[in-house]
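# Descriptive analysis of the structure
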Amino acid sequence: SLIPVNINKPTGTLTLSGDNSGATGGVTLTTGTLNINNANALGTGAFTITAGTIDNSTAGSITNSGNNAITIGGDFTFTGTKDLNLGTGAITNAGSRTITLNGTASTLTMGGLMTNTVGGTQTTTVNGAGNTFSLGSYALANSGTSRTGVFAGTGNVTVTGIISNGSTATAS
């Protein structure tokens, strides 16, 4: 299906539990809760989060097979019923965002490269003591503009890959 899915359920929950590997139109979460309960739930199009809550409400961990490109367009919450790995798609975060991690010892993984495209300081606040946000790698965009990336908050943050300054130097 080429039809994009826009989730806008202010107080409701939408559960994607089927195999949507043929869907290429993308998924946008603007409000409400989206349960990502299948490795192919998001299809292969882009996944955009502008607000709302995501979760894996199954009995076990889920790893997204689509490796969708992800845009973090606003603050959001991960409920943390079970661990959720959104795959290795590229992550665009063009602003300072707050990610709230709920649950007990839960992990939200975005295994791709997150790029800071803000023309200055970008702060990613991860709240949720005892929970973890795991990121594949992090890059400051390669341009003449001075950029700074800050991770803050009460949650744990791990970066499993490189942290770089675009393609010009390694950040410290």
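The structure displayed is predicted, hence computed values, not measured ones.

### Some words on the overall build of the chain
Broken down by element type, the chain carries zero helices and 17 strands. When the 172 residues of the chain are sorted by exposure, 42% land in the buried category. Of the contacts formed within the chain by residues at least 6 apart in sequence, a portion of 50% connects residues at least 24 apart. Entry remark: accessible area of the chain is about 7,400 Å², with carbon and sulfur atoms responsible for 51%.

### Notes on the environment of T109
Relative to the helices and strands, T109 is located in strand 11 (residues 107-116). Residue T109 is classed as buried on the basis of its relative accessible area, which comes to 14%. Taking the C-alpha atoms as reference points, T109 and L84, separated by 25 residues in sequence, lie 6.3 Å from one another. With near-sequence residues (within four places) excluded, T109 lies in contact with L84, N85, L86, G87 and S134.

### Topic: the nonpolar core
Judged by nonpolar contacts, the single largest core of 28 residues is most densely connected at I36, F47, I54, L86, L108, M110 and F133. Listed by contribution, the elements that provide at least two residues to this core are strand 2 (27-36), strand 3 (47-49), strand 6 (70-72), strand 7 (76-78), strand 10 (97-101), strand 11 and strand 13 (132-140). Beyond its immediate sequence surroundings of up to four residues, F47 is in contact with V27, L34, I36, L42, I54, N68, A69, I70, T71 and L86.

### Focus on unusual backbone geometry
Peptide bonds are mostly trans, and most non-glycine residues show a negative phi. Backbone geometry at N67 places phi at a positive 45 degrees, although glycine is not the residue there. Of note, N67 is situated in the loop between strand 5 (62-63) and strand 6. Judged by its relative accessible area of 37%, N67 falls in the partly exposed class. Positive phi, close to 55 degrees, is recorded for A105, a residue that is not glycine.

### Concerning the confidence of the model for the chain
Averaged over every residue, the pLDDT of the chain is 88; the share at 70 or more is 86%. Note on residues 168-172: pLDDT is under 50 here. Beyond four places in sequence and across chains, it has eight contacts.

### A short note on the environment of G25
With respect to the secondary-structure elements, G25 resides in the loop between strand 1 (5-16) and strand 2. Separated by 20 residues in the primary sequence, G25 and G45 place their C-alpha atoms 5.2 Å from one another.

### So, the side chain of N64
Within the fold, N64 resides in the loop between strand 5 and strand 6. Take N64: its relative accessible area is 4%, and that puts it in the buried class. Among the polar contacts listed, one links the side chain of N64 to the backbone nitrogen of G66, at a separation of 3.1 Å.

### Considering the environment of G130
Its location among the elements puts G130 in the loop between strand 12 (121-127) and strand 13. Along the primary structure G130 and S106 are separated by 24 residues, whereas in three dimensions their C-alpha atoms are 7.7 Å apart.

Quick notes on the rules
- Residues numbered from 1 in each chain as written.
- Predicted model: local features only at pLDDT ≥ 70, side-chain atom pairs only at ≥ 80, totals over all residues.
- Heavy atoms only, no water.
- Helix = DSSP H or I, 4+ residues; strand = E, 2+ residues; numbered from the N terminus.
- Buried < 20%, exposed > 50% of the residue type's maximum accessible area, 1.4 Å probe, protein only.
- Contact = heavy atoms within 4.5 Å.
- Areas by Shrake-Rupley, 256 points an atom, 1.4 Å probe, with all protein chains shown as cover.
- Core = buried A, V, L, I, M, F, W, Y, C linked by side-chain atoms within 4.5 Å.
- pLDDT = per-residue confidence, 0-100.
- Polar contact = N/O pair within 3.5 Å; in protein donor to acceptor, adjacent residues only side chain to side chain.

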